[in-house]
Amino acid sequence: MRLKSKLLTLSSACAAALTLAACQTMPAPAPLELSMAPCTPPPVDMCTRGEPCGALVTEQAPQHAGPVRRLGRGWDNEVFLVGQAHVARLPRRAPGVPLLRNEHRWLGELPPLPIPIPSLVHRGQPSERFRHPWSLCRFHPGERVDDRPLDRSAAVAMGSFLAALHHPAPPT
């Protein structure tokens, strides 16, 4: 058994050395050009508009109430800027509800990361006005990654973020 283990280790080391040697003799790859083709999110099956969002914040988290304007629509959520410091995320489709609950569970548990992530300020509760959970998070101004070419610094930042994020989940 030990001999087999040593041979596997030696074989893995040889493969790694050969791969490294091959990479060192290969020409540098051409610059990476990525483009994201626009796609259309599925149809809405929940009513999400700015007026109900503002009323939800006023009812459930009045200390954070302010003018509301739509920032964007994703696959499962609509995002509204509330005042200048917060964003409200409301599910726009039924499959988004369990995903939002999962975010509620894990956002506060994540380790420090190299890129700002939403920090939950308020867990919106289902009500007569909107029958699903929703989130109010701190707003982090920035730009969408698909609005500009992906350069080396953006790729390194994204790689650092993913490396920091990919750790075993804490016990539940």
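Definitions and limits used
Residues numbered from 1 in each chain as written. Predicted model: local features only at pLDDT ≥ 70, side-chain atom pairs only at ≥ 80, totals over all residues. Heavy atoms only, no water. Helix = DSSP H or I, 4+ residues; strand = E, 2+ residues; numbered from the N terminus. Buried < 20%, exposed > 50% of the residue type's maximum accessible area, 1.4 Å probe, protein only. Contact = heavy atoms within 4.5 Å. Areas by Shrake-Rupley, 256 points an atom, 1.4 Å probe, with all protein chains shown as cover. Phe/Tyr/Trp six-rings, centres within 6.5 Å; stacked < 30°, edge-to-face > 60°. Lys NZ or Arg CZ within 6 Å of the ring centre and 35° of its normal. Core = buried A, V, L, I, M, F, W, Y, C linked by side-chain atoms within 4.5 Å. Salt bridge = Lys/Arg side-chain N within 4 Å of Asp/Glu carboxyl O. Pairing = 2+ DSSP bridges. Axes fitted to C-alpha atoms, helices over the stretch in contact; angles between N-to-C directions.

Some details on the overall build of the protein chain
Stage number 1. Each helix and strand counted, the protein chain has 4 helices and 5 strands in total.
Stage number 2. Helices (α) and strands (β) of the protein chain occur, in sequence order from the N terminus, as α-α-β-β-β-α-β-β-α.
Stage number 3. The buried share of the protein chain, taken over its 172 residues, is 26%.
Stage number 4. Residue pairs at least 24 apart in sequence account for 56% of intrachain contacts in the protein chain once pairs closer than 6 positions are excluded.
Stage number 5. On the protein chain, roughly 12,200 Å² of surface is accessible, and the fraction owed to carbon and sulfur atoms is 62%.

Points about the packing of aromatic side chains
Stage number 1. Taken as a whole and judged by the stated rule, the model has 0 aromatic pairs.
Stage number 2. Taking NZ or CZ as reference, Arg-105 lies 4.0 Å from the ring centre of Trp-106, over its face.

Side note on the nonpolar core
Stage number 1. Counting 11 residues, the largest nonpolar core is built from Cys-53, Leu-56, Val-57, Ala-61, Phe-80, Val-82, Ala-88, Leu-90, Phe-130, Trp-134 and Leu-136.
Stage number 2. When residues of this core are traced back to their parent elements, those giving at least two are helix 2 (50-60), strand 2 (77-82), strand 3 (86-91) and strand 5 (134-138).
Stage number 3. Broken down by element, the residue count for this core peaks at 3 residues, all from helix 2.
Stage number 4. Those residues in contact with Val-57, other than ones at most four positions away along the chain, are Pro-62, His-64, Ala-65, Val-82, Trp-134 and Leu-136.
Stage number 5. Within the second largest apolar cluster, 5 residues are counted, among which are Val-79, Leu-81, Val-87 and Leu-107.

Description of the pattern of salt bridges
Stage number 1. In this structure the tally under the stated criterion is 8 salt bridges.
Stage number 2. The partner of Glu-78 in a salt bridge is Arg-70, and the shortest N-O contact between them spans 2.9 Å.
Stage number 3. Linked by salt bridges that have partners in common, Arg-70, Arg-73, Glu-78 and Arg-92 make up one network.

Considering the sheet that holds strand 4 (residues 120-124)
Stage number 1. Strand order across the open sheet formed by 5 strands is 1-2-3-5-4, with antiparallel pairing between neighbours. Two strands bound the open sheet, and with one partner strand each, they are strand 1 (68-73) and strand 4. For this sheet, the mean angle separating the axes of adjacent strands, direction not counted, is 25 degrees.
Stage number 2. Packing against the sheet, helix 3 (residues 96-106) makes contact with strand 2, strand 3, strand 4 and strand 5, and its axis sits at approximately 140 degrees to strand 3.

Re the pairing of strand 1
Stage number 1. The sheet contact formed by strand 1 and strand 2 spans 5 bridges and is antiparallel. The residue of strand 2 that forms the bridge with Gly-72 is Val-79.
Stage number 2. Where strand 1 hands over to strand 2, the hairpin turn is made up of 3 residues, counted between the paired strands.

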